[in-house]
Structures are given as structure tokens and as C-alpha cells.
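Chain by chain, the residues:
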Amino acid sequence: YTFESNYRELLKSIQNHFQLRIGGQLGDWNNKQPLHNYLTEVTRLLHNFLASAKTLVDHTRHFVKNTYGEKSTPHREYSAEVKRRFEGSSINKFTLDLRTYMTHISMPFIGSVMGGSKAVGRDFFTLQLDIHKMAEAGRWSTMAREYIQRCGGKVDLELYLVEYYKLIWEFYTW
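All chains use their own residue numbering, which begins from 1 and follows the written sequence. pLDDT decides what is reported in this predicted model: residues at 70 or higher carry local features, side-chain atom pairs at 80 or more are listed and counted, and totals for whole chains, interfaces and linings draw on all residues regardless. Excluding hydrogens and water, the side-chain figures rest on all heavy atoms present in the structure.

Right, let's get into helix α2 (residues 33-68). Comment: elements are numbered from the N terminus, with helices defined as DSSP H or I runs of at least four residues and strands as E runs of at least two. Multiply 1.5 Å by the residue count of a helix minus one, and that product is the helix's expected span. Here α2 is 36 residues long and its end C-alpha atoms lie 52 Å apart, about the 52 Å a rise of 1.5 Å per residue gives. Where α2 terminates, the next one or two residues include Gly69, which has phi positive at roughly 85°.

See below:
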């Protein structure tokens, strides 16, 4: 419930970004406070989402271990599925590194980025994580850097969120 709710809240807030920008509700060059307030809220929601993802992982691991025992067939199947789905996942490693950064180093800078003149729909305004600023202060694992590279060095917050949620959802509905 907590993970799902945090996902839905963050996704809704991100998806509102386009409408807020088009409607002029996020200020302008002379009044940046509305955009600052909005991005602060998105950052809070991202923190809650990442914390709830880690909580879900820890609680599930604890439940399986204590309910079935470490030597049971369900525990072995669970462990094998975790290994299969997550150990080689660059988005999973990116998520772990991002959570570590947010809880132990600093909050990330999230930018409201305007697409080029050919951008349409959601691509006209996107929210992106400032990876370069985070890289200066923290250390990305090799697999997290692979994910960043796959994203072209710019992590679109909505695309990241949906992809990571799908990875988790597919695991928990397996």
C-alpha cells in the first residue's frame, strides 16, 4: 500500500508539471518561487517513494525468511527470483544509489526542462535529475552509470519512475 501510494502521488505530481507550466502556474523569470515550491514537493515525494521501495524490499525479505524459513522451497524460489530480476538490473542499482544519495548525502536537484522547438506533449516540459551534480558529491555504481548512460546522461523523472515501478510490480505479481 505505501509503495503503491507513494508511486501514484509522485506520478500524479510529475504529470501535472506540463499543465502547470502551460497554465503559467509555476511562475516565470521574475517569479521563480512557485516553481521552487513545486520542485521541493516533487523532491519530497521522490524521497518518500525511494524510502518506501526499500521498506517493501526489507519487509518482504523478512516476511519470507520468518514465515517459511531460510531452507524452505518458497525461500529458495524467492531468492532465485530476486537474483534473476534485480541483480543484473541497472535501473535497480540506480535506484539503490539514488536512495543512498538522498538519505545520506543530499537531496538531488530536479530541473524543469523545456524541450526543443520540435517537442510535443509531455516532451515539451520534463523533470530531469541533475546527474552531474550528484556525481560530484556521490559515487555511482558501475550498473547505475550504465542506466544513466542508457538514458543519454539525463534521467527523465517520469520515465524512470514508470520503468522502476514496472520492475517492482512484475516481481510482486510473479
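Back to the text.
Looking now at the packing of α2 against helix α3 (residues 73-87). Two numbers describe how α2 lies on α3: the axes approach to 8 Å, and their chain directions differ by 155°. When the axes of α2 and α3 are compared, the pair comes out roughly antiparallel. Side by side, α2 and α3 meet where Val57, Thr60, Arg61, Val64, Lys65 and Tyr68 of the first sit next to Pro74, His75 and Tyr78 of the second. Taken together, the residues of the contact of α2 with α3 sort by class into five nonpolar, two polar and two charged. Fitted lines through C-alpha atoms give the axes, limited to the stretch in contact for helices. The angle between two N-to-C directions lies from 0 to 180 degrees. With respect to orientation, any angle under 35 degrees is reported as roughly parallel, any angle over 145 as roughly antiparallel, any angle of 65 to 115 as roughly perpendicular, and every other angle as oblique. By definition in these notes, contact holds between two residues if any of their heavy atoms fall within 4.5 Å. Ten residue types, Ala, Val, Leu, Ile, Met, Phe, Trp, Tyr, Cys and Pro, are classed as nonpolar, four, Asp, Glu, Lys and Arg, as charged, and the remainder, Gly among them, as polar.

With 16 residues, helix α7 (residues 157-172) extends 22 Å between its outermost C-alpha atoms, agreeing within 8% with the 22 Å of an ideal straight helix rising 1.5 Å per residue. Think of it in three bands: with a 1.4 Å probe and only protein chains considered, a residue is buried below 20% of the maximum accessible area for its type, exposed above 50%, and partly exposed in between. Within α7, the full set of buried residues consists of Leu157, Glu158, Tyr160, Leu161, Tyr164, Tyr165, Leu167, Ile168 and Phe171. Throughout this description, a polar contact denotes any pair of N or O atoms lying within 3.5 Å of each other; where both atoms belong to protein, one of them has to be capable of donating a hydrogen while the other can accept it, and for residues adjacent in sequence the pair is counted only when both atoms sit in side chains. Two to three positions downstream of the cap, the backbone nitrogen of Glu158 sits 3.0 Å from a side-chain oxygen, assigning the N-cap of α7 to Asp156.

Further remarks concern the environment of Asp130. Mapping Asp130 onto the fold places it in the loop between β2 (125-129) and α5 (131-137). Spatially, the C-alpha atom of Asp130 lies 7.3 Å from that of Lys154, the residues being 24 residues apart in sequence. Only 3.3 Å separates the side chain of Asp130 from the backbone nitrogen of His132, close enough to count as a polar contact.

Centres within 6.5 Å make a pair out of two Phe, Tyr or Trp rings, where for Trp the six-membered ring is used; the pair is then stacked when the planes are under 30 degrees apart, edge-to-face when over 60, and tilted otherwise. Going through the model one piece at a time under the given rule, you end up with 17 aromatic pairs. Cluster of aromatic residues (ring-pair linked, three or more members): Phe3, Tyr7, Phe49, Phe94, Trp140, Tyr147, Tyr160, Tyr164, Tyr165 and Trp169.

An order of β1-β2-β3 is seen for the three strands of this open sheet, with the pairing classed as antiparallel. Every other strand in the sheet has two partners, leaving β1 (110-114) and β3 (155-156) as the edge strands with one partner each. By definition, two strands form a pair when at least two bridges between them are found by DSSP. Alignment of β2 against β3, held across two bridges, turns out to be antiparallel. Residue Leu129 lies in a different strand from β3, and its bridge partner there is Val155. Strands β1 and β2 of the sheet are contacted by α2, whose axis makes an angle of about 125° with β1.

Here Ser72 lies in the loop between α2 and α3. Only 2.9 Å separates the side chain of Ser72 from the backbone oxygen of Gly69, close enough to count as a polar contact.

We define a salt bridge as a contact between a side-chain nitrogen of Lys or Arg and a carboxyl oxygen of Asp or Glu at a distance within 4 Å. Applying the stated criterion across every chain yields a total of nine salt bridges. Salt-bridge contacts for Glu41 lead to Arg44; the nearest nitrogen and oxygen are separated by 2.5 Å. Taken together, the residues Glu41 and Arg44, both in helix α2 and three residues apart, mark about one turn of the helix. The exposure class of Glu41 is partly exposed, given its relative accessible area of 32%. Between Glu81 and Arg84 there is a salt bridge, with its nearest N and O atoms 2.7 Å apart. Here Glu81 pairs with Arg84, and both are found in helix α3, just three residues apart, close to one helical turn. One network of salt bridges, in which partners are shared, links Lys54, Asp58 and Arg61.

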